[in-house]
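# Chain and residue survey
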Number of protein chains: 2
Amino acid sequence: MTGREIDNLIKLLARLPGLGPRSARRAVLQMLKKPETLMLPLAKALEDTAQAMTTCHVCGNIDVTDPCHICAGAGRQHDMICVVEEVQDLWALERGSSFKGLYHVLGGTLSPLDGVGPDDLRIDQLVTRVRETGVNEVILATNLTVDGQTTAHYITERLVETGVKVTRLAHGVPVGGELDYLDDGTLTAALRARS
Amino acid sequence: MTGREIDNLIKLLARLPGLGPRSARRAVLQMLKKPETLMLPLAKALEDTAQAMTTCHVCGNIDVTDPCHICAGAGRQHDMICVVEEVQDLWALERGSSFKGLYHVLGGTLSPLDGVGPDDLRIDQLVTRVRETGVNEVILATNLTVDGQTTAHYITERLVETGVKVTRLAHGVPVGGELDYLDDGTLTAALRARS
């Protein structure tokens, strides 16, 4: 087929989510046409990130500095912590850029069937963090799945002793959403939380 | 949002065909979870390929050696040349692995509207190559588009003086294709070329 180096590159690219062998080939061909402007910069960015990346010991975010740029950032409200399941949830909230507090990444949800217990998540760290720093409010932003709900309940109970205010994200009709296309669960939640 | 290095990486990845900002983010997150097994090897493969890649001066294929591994390969029939528009067409034919001859990449099609004339394609090189090496058959595998057809006609005329046998790929019903879903052009071609 193609040379061994190119084949190897296609195979590696095809392992990325959202790319298969066919789209990996297209991507490689595109890159081969402009090695200087796309291929070499991409190689460098990958290497730099791989070598510099680290997990923030405070919140669990992935970044190139520890503490991460959010925990270390000026202009963030340090008395508010938003608890999310995974790093991608943190990124999603940051894209909205309406939340100016700090985060805490759990690293998953409680899931007895998969053998994930409280010790496998960063829950103890959260409780310690709430107790030791002057946190006024913990916003639970776990997903509205069974596991996400269970985890939120468990965290709420664990945080009772600290006396911190615990809130949850509102559930309801998405902005721009049409009622006709919404699932029943969201409609029920939206009705119940009407204001 | 995320750290500057990670943002930069997402932006570069999002420029690949088939990937947008959202899938680039997913890909980066996936890679951040396994930097040793995916991120660093990918960086190395990209760098190696970018530095080693070259265009074969014989056939126009992109490879890490010149002449490319097909032109230099033992076990290929050197008396047959398959003419394709682009490198991806060559790769597609190689995947089928039923063709054992050599290739010639034109680098596009004749297109007066876009200002692409015979001198912009590797047609002169093809004629010289046919004349100087012992080629028995030239298979035209340009696409069945107006430009592809025009290019094939032009090449056929240019090759008349060399006396080489010029053939075209058969057009017809794809294997596994259903008549009901085929376009009229393909059906007409299949009827005309019935055997």
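Thresholds applied
- Residues numbered from 1 in each chain as written.
- Chains lettered and ligands numbered in written order.
- Predicted model: local features only at pLDDT ≥ 70, side-chain atom pairs only at ≥ 80, totals over all residues.
- Heavy atoms only, no water.
- Pairing = 2+ DSSP bridges.
- Helix = DSSP H or I, 4+ residues; strand = E, 2+ residues; numbered from the N terminus.
- Axes fitted to C-alpha atoms, helices over the stretch in contact; angles between N-to-C directions.
- Contact = heavy atoms within 4.5 Å.
- Least-squares fit on C-alpha atoms with pLDDT ≥ 70 in both.

Residue and element names in this part refer to chain A. Ordered in space as E4-E3-E5-E6, the 4 strands form an open sheet in which the pairing is parallel. The two strands at the open ends of the sheet, each matched to only one other strand, are strand E4 (102–105) and strand E6 (165–168). For this sheet, the mean inter-axis angle between neighbouring strands, taken without regard to orientation, is 25°. Sheet topology places strand E5 (residues 137–140) next to E6; 4 bridges connect them, and they run parallel. Of the residues in E6, the one forming a bridge with Glu-137 is Lys-165. Across the sheet, helix H4 (residues 87–96) lies against strand E3 (80–84) and E4, angled at about 160° from E4, the strand it touches most. Where helix H5 (residues 123–132) meets the sheet, it contacts E3, E4 and E5, and its direction lies at approximately 155° from that of E4.

All names here are of chain B. Strand order in the open sheet made by the 4 strands is E4-E3-E5-E6, with parallel pairing throughout. Of all the strands in the sheet, just strand E4 (102–105) and strand E6 (165–168) have a single pairing partner and so form its edges. Averaged over all adjacent pairs, the angle separating strand axes in this sheet is 25°, with direction ignored. Pairing analysis gives 4 bridges linking strand E3 (residues 80–84) to strand E5 (residues 137–140), with the strands arranged parallel.

This brings us to the relation of the copies chain A and chain B. Between chain A and chain B, which share one sequence, the superposing operator has a rotation angle of 180° and an axial displacement of 0.0 Å; the RMSD is 0.1 Å. The two molecules are tied by a two-fold rotation axis, judged by turn and shift. The position closest to the rotation axis in chain A is occupied by the C-alpha of Ala-43 of chain A, lying 2.2 Å away. Most of the interface of chain A is mirrored in chain B: 100% of its interface residues are interface residues there too.

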